[in-house]
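Chain by chain, the residues:
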Amino acid sequence: MFSNYLIGLREGLEASLVVCILIAYLVKTGRRDALKPIWTGIAIAVLLAMGFGCVLEFGSQEMTFQAQEGLGGSLSIVAVGLVTWMVFWMRRTARHLKAELHGKLDQALAMGTGALVATAFLAVGREGLETALFVWASVHAASDGTPRPLAGVALGLATAVLLGWLFYRGALRINLAKFFTWTGAMLVVVAAGVLAYGVHDLQEADLVPGLTNLAFDISGAIEPDSWYGTLLKGVFNFQPDPTVLQVTVWLLYLVPALALFFAPVGFASGKGKVTVADEQGPRPSKASQA
C-alpha cells in the first residue's frame, strides 16, 4: 500500500504544482477571465487519464490468461520507462518549471481561449496519462485480492491535492528540490520492483524463457500471506521466489538508475523552498477593489 501511496503522492503533487503555478500566474497578472479555459483543460485532462485507466483495467479482463500476462508485462516495462524519464526530468528541471509554464501561458494568452485550454490540457494531461499507466502497472504487480493498493493511490492523490491547495494559499513552504529528490529515489526502487514483476508476467505468457529457473526460494522463511511478506510486497514488490532473470533485471535497472539519479546536477542549496502564493504578489486591499 505504501508504494502505491507514494506513486499517488508524487505524481499527484507534480500535477497539483502545475495547476497552482498556472492559476497563481493568471491571478497575479489580473487575467482571471482566463481561469475558466484553464479549468476546462484541466478537467479534460483528468477525465482522459481516468478513461485511460478504465480502458486498461476493464479491457484486459476480456483477454485470455496468456494475453493478460503479456499485456501486463509489456505495459509494466513501458510504465517503468516513462516514470524513469519523468523522475530524471523533474530532477533536472524542477527549478525552471515555473518559468517554462509562464512562457507557455503568455503565448496561450496571446492566442486565445482554445490555446489556453490546450496549454492546461497538455501540462496536466501528460502527468495524468503517465500516472494512470504506472498506477495500473503497480496495482497489477501488488494486487493481493484486496482494495488496499487502490486505497493507497487514492490517499496519495488526496494528500497531493491538499498539499497543492496549501501551496497556493501560502500556508506551506517546503524544499521541493529535496522532496522530489528523495521521493524520486523511492520511486526508482518501486519501479525496479514493477519492472521485475513485468518480466515475470512475460515469462508466464511464454514470451520470455526462464520461468522455472529460480534465483532462490525463501517462501518457507517469508510467507507471502504474512504481515511482513505483505509489507515487503507492498513497499518493494518483493517476491520470495523470483527467477534468475527477474533478479538480474532488477539489479541492472536499480543500481545504475540510483547512481545516475544521485549524481550532481547543479542544484543550488537553499533555493528549493517554494510557496506558490509568492507568485500572486500582494493581495489588493478592499479600498483598491472598490
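Every chain is numbered independently, its residues counted from 1 as its sequence is written. Totals for whole chains, interfaces and linings use all residues, but because this is a predicted model, local features are given only for residues with pLDDT of at least 70 and pairs of side-chain atoms are given and counted only at 80 or more. Calculated side-chain values reflect all of the structure's heavy atoms, with hydrogen atoms and water omitted.

Participant: Tell me about the overall build of the protein, residues and numbers included.
Facilitator: The helix and strand labels rest on DSSP assignments: H or I over at least four residues marks a helix, E over at least two residues marks a strand, and numbering proceeds from the N terminus. The secondary structure content of the protein amounts to 10 helices and 2 strands. When its helices and strands are written in sequence order, the protein yields α-α-α-α-α-α-β-α-α-α-β-α. Any two residues whose heavy atoms approach within 4.5 Å are treated as being in contact. Once local pairs closer than 6 in sequence are excluded, the contacts in the protein between residues at least 24 apart make up 84%. Under the convention used here, a 1.4 Å probe and the Shrake-Rupley method define accessible areas, while residue burial counts only the protein chains that appear. Roughly 14,500 Å² of accessible area belongs to the protein as shown, and the carbon and sulfur atoms make up 68% of that amount.

Participant: Go over the side chain of Thr 183, please, and point to the residues and values.
Facilitator: The residue Thr 183 is located in helix 7 (residues 176–204) in this model. By relative accessible area, which is 6% here, Thr 183 ends up buried. Sequence-distant contacts of Thr 183, that is, excluding residues within four places in its chain, are made with Leu 6 and Arg 10. Think of it in three bands: with a 1.4 Å probe and only protein chains considered, a residue is buried below 20% of the maximum accessible area for its type, exposed above 50%, and partly exposed in between.

Participant: Could you give me a rundown of the nonpolar core, with the residues and numbers involved?
Facilitator: A general trend in soluble globular proteins is that nonpolar side chains are found buried together. In this description, a nonpolar core means a group of buried Ala, Val, Leu, Ile, Met, Phe, Trp, Tyr and Cys residues linked to one another through side-chain atoms lying within 4.5 Å. Grouped together as the largest cluster of nonpolar side chains are 31 residues, with contacts concentrated most on Val 80, Phe 134, Leu 187 and Tyr 253. Going through the elements one at a time, helix 1 (2–28), helix 3 (65–93), helix 5 (113–142), helix 7 and helix 9 (244–261) are the ones with two or more residues in this core. For this core, the element with the most residues is helix 7, which contributes 9 residues. Among residues more than four places away in sequence, those in contact with Leu 187 are Leu 6, Ile 7, Arg 10, Glu 11, Val 83, Met 86, Val 87 and Phe 134.

Participant: Tell me about the side chain of Thr 119, and name the residues and values.
Facilitator: Within the secondary structure layout, Thr 119 lies in helix 5. Residue classification places Thr 119 among the buried residues on the basis of a relative accessible area of 16%. For Thr 119, the residues in contact, after removing those within four places along its chain, are Lys 104 and Ala 108.

Participant: Residue-level account of helix 6 (residues 148–169), with values.
Facilitator: What a helix should span is 1.5 Å times the count of its residues minus one. Here helix 6 contains 22 residues, and its C-alpha end-to-end distance of 31 Å stays within 8% of the 32 Å for a straight helix at 1.5 Å per residue. Within helix 6, the full set of buried residues consists of Pro 149, Gly 152, Val 153, Gly 156, Ala 160, Leu 163, Gly 164, Phe 167 and Tyr 168. Looking straight down helix 6, one finds that the buried residues subtend no more than 145 degrees of arc, so they occupy a single side. Opposite the buried face of helix 6, by more than 90 degrees, sit the exposed residues Leu 150, Val 161 and Trp 165. Downstream of helix 6 by one or two residues, Gly 170 has phi in the positive range, about 80 degrees. Think of it as the arc spanned by the lines of direction from the helix axis to the C-beta atoms.

Participant: So what about a nonpolar patch on the surface? Which residues, and what values?
Facilitator: On the surface, Val 46, Leu 47 and Met 50 cluster together into a nonpolar patch covering about 310 Å² of accessible area. Taking relative accessible area as the criterion, Val 46 reaches 40% and is therefore assigned partly exposed. Each patch groups residues whose relative accessible area exceeds 30% and which form no salt bridge, using 9 Å between like charges and 5 Å between nonpolar side chains of Val, Leu, Ile, Met, Phe, Trp and Tyr. For salt bridges, the criterion is a side-chain nitrogen of Lys or Arg within 4 Å of an Asp or Glu carboxyl oxygen.

Participant: Please provide a residue-by-residue account of the pattern of salt bridges, values included.
Facilitator: Counted under the stated rule, the structure contains 1 salt bridge. A salt bridge links Asp 33 to Arg 31; the nearest nitrogen and oxygen atoms lie 3.1 Å apart. Residue classification places Asp 33 among the exposed positions, given a relative accessible area of 54%.

Participant: Which residues make up the packing of aromatic side chains, and what are the values?
Facilitator: Put simply, two rings from Phe, Tyr or Trp (the six-membered ring, in Trp's case) pair if the centres are within 6.5 Å, and we call them stacked under 30 degrees between planes, edge-to-face over 60, tilted for the rest. For the structure on display, the rule yields 3 aromatic pairs. On the numbers, 5.5 Å between centres and 50 degrees between planes, the contact of Trp 182 with Phe 262 is tilted. Separated by 80 residues along the polypeptide, Trp 182 in helix 7 and Phe 262 in the loop between helix 9 and strand 2 (273–274) bring together distant segments of the chain. Judged by its relative accessible area of 54%, Trp 182 falls in the exposed class. Taking the relative accessible area as the measure of exposure, Phe 262 reaches 39% and is therefore partly exposed. Joined through ring pairs, the aromatic side chains of Phe 88, Trp 182, Phe 261 and Phe 262 make up one cluster.

Participant: Quick one: what's the story with helix 2 (residues 35–60), residue by residue and with numbers?
Facilitator: Between its first and last C-alpha atoms helix 2 spans 38 Å; for 26 residues at 1.5 Å apiece the expected length is 38 Å, and the two agree. All buried positions along helix 2 are accounted for by Leu 35, Pro 37, Ile 38, Gly 41, Ile 42, Ala 45, Ala 49, Leu 56 and Ser 60.

Participant: Which residues make up the confidence of the model for the protein, and what values go with them?
Facilitator: Confidence of the predictor at the level of single residues is captured by pLDDT, which takes values from 0 to 100. Taken over all residues, the pLDDT of the protein has a mean of 78, while the share at 70 or more is 82%. In the model of the protein, helix 10 (residues 286–289) stands out as the element of lowest mean pLDDT, 42, in contrast to helix 9, which has the highest, 93. Ignoring residues within four places in sequence, the model shows residues 266–272, a span with pLDDT below 50, making 10 contacts including any to other chains.

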